[in-house]
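# Examining the three-dimensional arrangement
Below are the chains, spelled out letter by letter.
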Amino acid sequence: MRAMYLANYFVAGCIAFSLLGWVASLHPMAFRAVLCLLAAIACAWGLSWLLDFSLSKLLKISVADLQAVLISGLAMLLIGLGVFLCS
């Protein structure tokens, strides 16, 4: 059941990042806004890797589950960037 929820969130994240890539390709100002948003997401993602043990205690999940979510977040970002570069 957990894997199904993670797969659903993964697909939703891929759709969201693909939508951001499409919006960024429409106008230069939208590109800058999406770039700032992706920079903020990248900073939060990096901090999550650095603080994974304390963050896992705060969220009350195991470190392995947190790392799985972070890895799937990276995959979502790469798929979204692929859509942006191909559009």
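Residues numbered from 1 in each chain as written. Predicted model: local features only at pLDDT ≥ 70, side-chain atom pairs only at ≥ 80, totals over all residues. Heavy atoms only, no water.

Our next topic: the layout of surface pockets. Leftover empty space is mapped by rolling, across the atoms, a probe with the size of a water molecule. Estimates place the volume of the largest pocket at around 320 Å³. If you trace the largest pocket, you find 16 residues lining it, with Phe-17, Val-69, Ser-72, Gly-73 and Met-76 closest to the centre. Of all the secondary-structure elements, those providing two or more residues to the lining of the largest pocket are helix H1 (2-24), helix H2 (28-50) and helix H4 (63-86). No other element matches H4, which puts 7 residues into the lining of the largest pocket. For the lining of the largest pocket, a count of residues per class yields 13 nonpolar, 3 polar and no charged. (1 Å grid on protein atoms, 1.4 Å probe; cavity = no way out; pocket = protein on both sides within 12 Å on 5 of 7 lines; lining within 4 Å. Points joined across faces, edges and corners; volume = space filled by probe spheres on them. Helix = DSSP H or I, 4+ residues; strand = E, 2+ residues; numbered from the N terminus. Nonpolar A, V, L, I, M, F, W, Y, C, P; charged D, E, K, R; others polar.)

So, on to unusual backbone geometry. At Lys-60, a position not held by glycine, the phi torsion is positive, near 60°. By the element assignment, Lys-60 lies in the loop between helix H3 (52-59) and H4. When its relative accessible area of 74% is taken as the criterion, Lys-60 is described as exposed. (Buried < 20%, exposed > 50% of the residue type's maximum accessible area, 1.4 Å probe, protein only.)

Scored by pLDDT, the chain has a mean of 84; 97% of the residues are at 70 or more. For the chain, H1 is the element with the lowest average pLDDT, namely 81, and H2 is the one with the highest, namely 88. (pLDDT = per-residue confidence, 0-100.)

The next point concerns the packing of H2 against H4. The geometry of a pair of packed helices is captured by two quantities: the angle between their axes and the separation between those axes. Packing of H2 against H4 brings their axes to within 11 Å, and their N-to-C directions diverge by 160°. Between H2 and H4, the angle falls in the class roughly antiparallel. Note that H2 runs across H4; the crossing there is left-handed. In contact with Phe-31, Leu-38, Trp-45, Ser-48 and Trp-49 of H2, H4 contributes Gln-67, Leu-70, Ile-71, Leu-74, Leu-77, Leu-81 and Phe-84. Its residues placed into classes, the contact of H2 with H4 shows 10 nonpolar, 2 polar and no charged. (Axes fitted to C-alpha atoms, helices over the stretch in contact; angles between N-to-C directions. Parallel < 35°, antiparallel > 145°, perpendicular 65-115°, else oblique. Left-handed = near helix turned anticlockwise from the far one by under 90°. Contact = heavy atoms within 4.5 Å.)

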